[in-house]
Amino acid sequence: MTTPAEAPVLGLLDGRPLPRTGLDRRLAALRTGPRAAALPAPGSGEDRQLARWVAQVLLTEALCEAVAAERGLPVRPGAAPVRPGAAPARLDQQAAVELGSITAAAYEGSAAVRAVCAEVTADVEPSAAEVAHYRARTERPPSAAPWRLALPDGSTFDAAPDTLPLALSDALRAAPPGGWVSAAGWTATRLATDPDPDPDSDPAPDPAFDPWTVLRAAARRAAFVHWLDHARATRLTLVPGLEHPGDPAQPDNHHRH
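The structure displayed is predicted, hence computed values, not measured ones.

Novice: Whenever I open this one, the environment of Cys64 confuses me. Can you help?
Specialist: Locating Cys64 in the fold gives a position in helix α2 (residues 45–70). Take Cys64: its relative accessible area is 0%, and that puts it in the buried class. Setting aside residues no more than four positions away along its own chain, Cys64 makes contact with Ala112, Val113, Val116, Phe224 and Leu228.

Quick look at the structure:
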């Protein structure tokens, strides 16, 4: 069995061997970085999986550097890597999940990956039907203004009509302000004074929120993942010991429950 430490090269890009020196540097930086205590014990199966994961990040960066050069994108070769924990671009949690951990790490740490992503997905747009569906599923009708209610013990509280038992809200709506009603086991009156705005209530919808922008970003991430999977399959060759960490054929890929 070839282990990550014994793998002679990082992998092959278009049949050309890539030196593994970058992997050794990246792993050493992680081992001396601020999160070193959270890393698996050296020599363990989890440590070998970490090496495989970092190798896939580096191969993704190398692949996108090659594509950027081929397409004349304004990215300086070799300028991508940054020290661990100091990525120049930060993805939100949803975007990172959609890209997958390897691609997300490469995207955050490599200007070439970001440039290629923008280039190959520039024409991807959501359809009008997708935007309409998203809008229908996410937009909520505005809530009715809350009522200020009083109870027989003298206490008061604010409640939106649609949060009250239906029988009680119907009775209060039919009664004049200040009139006492009993329904659904409650006795209450609706005060004429409007309640003060609740600072903890849901904010008004953001007029700048654009479903098209949200869906475009998601669609472009999905398109980039599809493009990158194809590019990896056709241009990269993995070597024994630095297989994909999720490859079921490699000996450290197993689940414990």
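Novice: Would you explain the pattern of salt bridges in this entry?
Specialist: Should their charged atoms come close, side chains of opposite charge can pair. For the structure on display, the rule yields 16 salt bridges. Arg235 is paired through a salt bridge with Glu70; the nearest N and O atoms lie 2.6 Å apart. Taken as a pair, Arg235 in helix α8 (residues 211–235) and Glu70 in helix α2 lie far apart in primary sequence, 165 residues in all. Using a relative accessible area of 17% as the deciding quantity, one classes Arg235 as buried. The structure contains a network of salt bridges with shared partners spanning Arg48, Arg52, Glu243 and Asp252.

Novice: How should the pairing of strand β6 (residues 186–190) be read in this particular structure?
Specialist: Looking down a regular strand, the side chains alternate between one sheet face and the other. Looking at chain direction, strand β3 (residues 147–150) and β6 are connected through two bridges and run antiparallel. Counted as the bridge partner of Ala150 is Thr189 from β6. Here four bridges tie strand β5 (residues 180–183) to β6, and the two strands are oriented antiparallel to one another. Each bridged residue has a counterpart across the sheet, and for Val181 the counterpart in β6 is Ala188. Counted between consecutive antiparallel strands, the loop separating β5 from β6 contains two residues, among which Ala184 sits at a positive phi close to 55°.

Novice: Could you clarify how one ought to interpret the packing of aromatic side chains in this entry?
Specialist: For any pair of aromatic rings, geometry is given as the distance between the ring centres together with the angle between the planes. Counted according to the given criterion, the structure contains one aromatic pair. Relative to Trp227, the ring of Phe224 has its centre 6.0 Å away and its plane inclined at 10°; by these criteria the two rings are stacked. In this pair, Phe224 and Trp227 both sit in helix α8, three residues apart, roughly one turn of the helix.

Novice: Just to check I follow, could you spell out the sheet that holds strand β1 (residues 11–13) for this structure?
Specialist: Strands pair in a sheet through their backbones, by hydrogen bonds, and they do so in one of two ways: parallel or antiparallel. The strand order across the open sheet formed by three strands is β2-β1-β7, and the pairing between neighbours is antiparallel. The open sheet has two free edges, formed respectively by β2 (16–18) and β7 (236–237), since each of these has just one partner strand. As judged from the three bridges shared by β1 and β2, these two strands associate in the antiparallel manner. Bridge pairing in β2 places Leu12 opposite Pro17. α2 rests against β1, β2 and β7 of the sheet, and its axis sits at about 15° to β1.

Novice: I tried to follow the pairing of strand β4 (residues 156–159) on my own but got confused; where do I start?
Specialist: Where β3 meets β4, four bridges bridge the pair, whose relative direction is antiparallel. Bridge assignment links Leu149 to a residue of β4, and that residue is Phe157. Counting the residues between successive antiparallel strands, the hairpin from β3 to β4 contains five residues, one of them, Gly154, with a positive phi of roughly 95°.

What counts and how
- Numbering of residues begins from 1 in every chain and follows the order in which that chain's sequence is written.
- Only residues with pLDDT of at least 70 are given local features in this predicted model, and only at 80 or more are side-chain atom pairs given and counted; all residues enter the totals for whole chains, interfaces and linings.
- To get the side-chain values, take all heavy atoms of the structure and skip hydrogens and water.
- Put simply, DSSP H or I for four residues or longer makes a helix, DSSP E for two residues or longer makes a strand, and each gets a number counted from the N terminus.
- For the exposure calls, accessible area comes from a 1.4 Å probe over protein chains only, and a residue counts as buried if that area is under 20% of its type's maximum, exposed if over 50%, partly exposed in between.
- The contact definition used throughout considers only heavy atoms, calling two residues in contact when any of these lie within 4.5 Å.
- By definition, a salt bridge exists where a carboxyl oxygen of Asp or Glu is found within 4 Å of a side-chain nitrogen of Lys or Arg.
- Any two strands are treated as partners once DSSP identifies two or more bridges connecting them.
- Here a Phe, Tyr or Trp ring, Trp counted by its six-membered ring, pairs with any other such ring whose centre lies within 6.5 Å, and the pair is stacked when the planes are under 30 degrees apart, edge-to-face when over 60, and tilted otherwise.
- The convention used is that axes are lines fitted to C-alpha atoms, helices contributing only their stretch in contact, and that angles between N-to-C directions extend from 0 to 180 degrees.

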